[in-house]
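Each chain, written out:
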Amino acid sequence: MQNAHERFGSLEFIKRTKDTTTRVRVHIDRAVLETPKDERGQASAHLISMIAGDSEIGALWAAITDVVVFQIQLPGRAAIVASLGPEAQCFRGSVMVPG
């Protein structure tokens, strides 16, 4: 399959503290989002499937439990601000790549 990477979206999380700024960006291959009622509102995310390393997934897992807002960029669409809500659940899986 040619150019399969162009179908991936991205999810970005930025956390600013007094001394540092943490920016985590991962690829997403699936997202189920509920659009906001108005243009300025945030979307409700029901499912986000992310692809990244252990440290990025761990950082996002912690952010999800803190009910943070993410910026989601899907191919050919405007950026979407979304949250998984206060009762979000996380499931982790690993894929072993030979070599």
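Predicted model only: the values in this text are computed from it and were never measured.

A. View of unusual backbone geometry. The backbone of V67 shows a phi angle near 55 degrees, a positive value even though the residue is not glycine. Along the chain, V67 turns up in the loop between α1 (54-65) and β4 (70-73). Of the residues examined, V67 reaches a relative accessible area of 37% and is grouped as partly exposed.

B. Highlighting the environment of F8. Mapped onto the secondary structure, F8 falls in the segment before β1 (9-16). Taking C-alpha positions, F8 is 8.2 Å from R30, a pair spaced 22 residues apart along the chain. Non-local contacts of F8, meaning those with residues more than four positions away in its chain, are made with H27, I28, D29, I51 and P75.

C. Spotlight on the sheet that holds strand β5 (residues 80-83). One closed barrel holds the five strands; their spatial order is β1-β2-β3-β5-β4, and the pairing between them is mixed. For this sheet, the mean inter-axis angle between neighbouring strands, taken without regard to orientation, is 55 degrees. Note that strand β3 (residues 43-51) and β5 share two bridges and pair parallel. Bridging across to β5, A43 finds its partner in A82. In this fold α1 packs onto β1, β2 (21-34), β3 and β4, with an angle of close to 75 degrees to the strand it touches most, β2.

D. Fine view of the environment of F70. Looking at the secondary structure, you find F70 in strand β4. Given a relative accessible area of 2%, F70 falls into the buried group. A sequence separation of 52 residues divides F70 from K18, and the C-alpha atoms of the two residues are 20 Å apart. For F70, the residues in contact, after removing those within four places along its chain, are L11, E12, F13, L60, A63, I64, I80, V81 and A82.

E. Local environment of the packing of aromatic side chains. Inspection of every chain in the model, using the stated rule, returns one aromatic pair. Here the aromatic rings of F13 and F70 are separated by 6.1 Å at their centres, their planes lie at 65 degrees, and the arrangement is edge-to-face. You can see F13 sitting in strand β1 and its partner F70 sitting in strand β4, a full 57 residues away along the chain. Considered together, F13 and F70 belong to a single accessibility category, that of buried residues.

F. The arrangement of α1 in detail. Taking 1.5 Å per residue, 12 residues should reach 16 Å; α1 reaches 17 Å between its end C-alpha atoms and fits that length. Buried residues belonging to α1 abut β1, β2, β3 and β4.

Reading the values: rules and limits
Residues numbered from 1 in each chain as written. Predicted model: local features only at pLDDT ≥ 70, side-chain atom pairs only at ≥ 80, totals over all residues. Heavy atoms only, no water. Helix = DSSP H or I, 4+ residues; strand = E, 2+ residues; numbered from the N terminus. Buried < 20%, exposed > 50% of the residue type's maximum accessible area, 1.4 Å probe, protein only. Contact = heavy atoms within 4.5 Å. Pairing = 2+ DSSP bridges. Axes fitted to C-alpha atoms, helices over the stretch in contact; angles between N-to-C directions. Phe/Tyr/Trp six-rings, centres within 6.5 Å; stacked < 30°, edge-to-face > 60°. Expected span 1.5 Å × (residues − 1).

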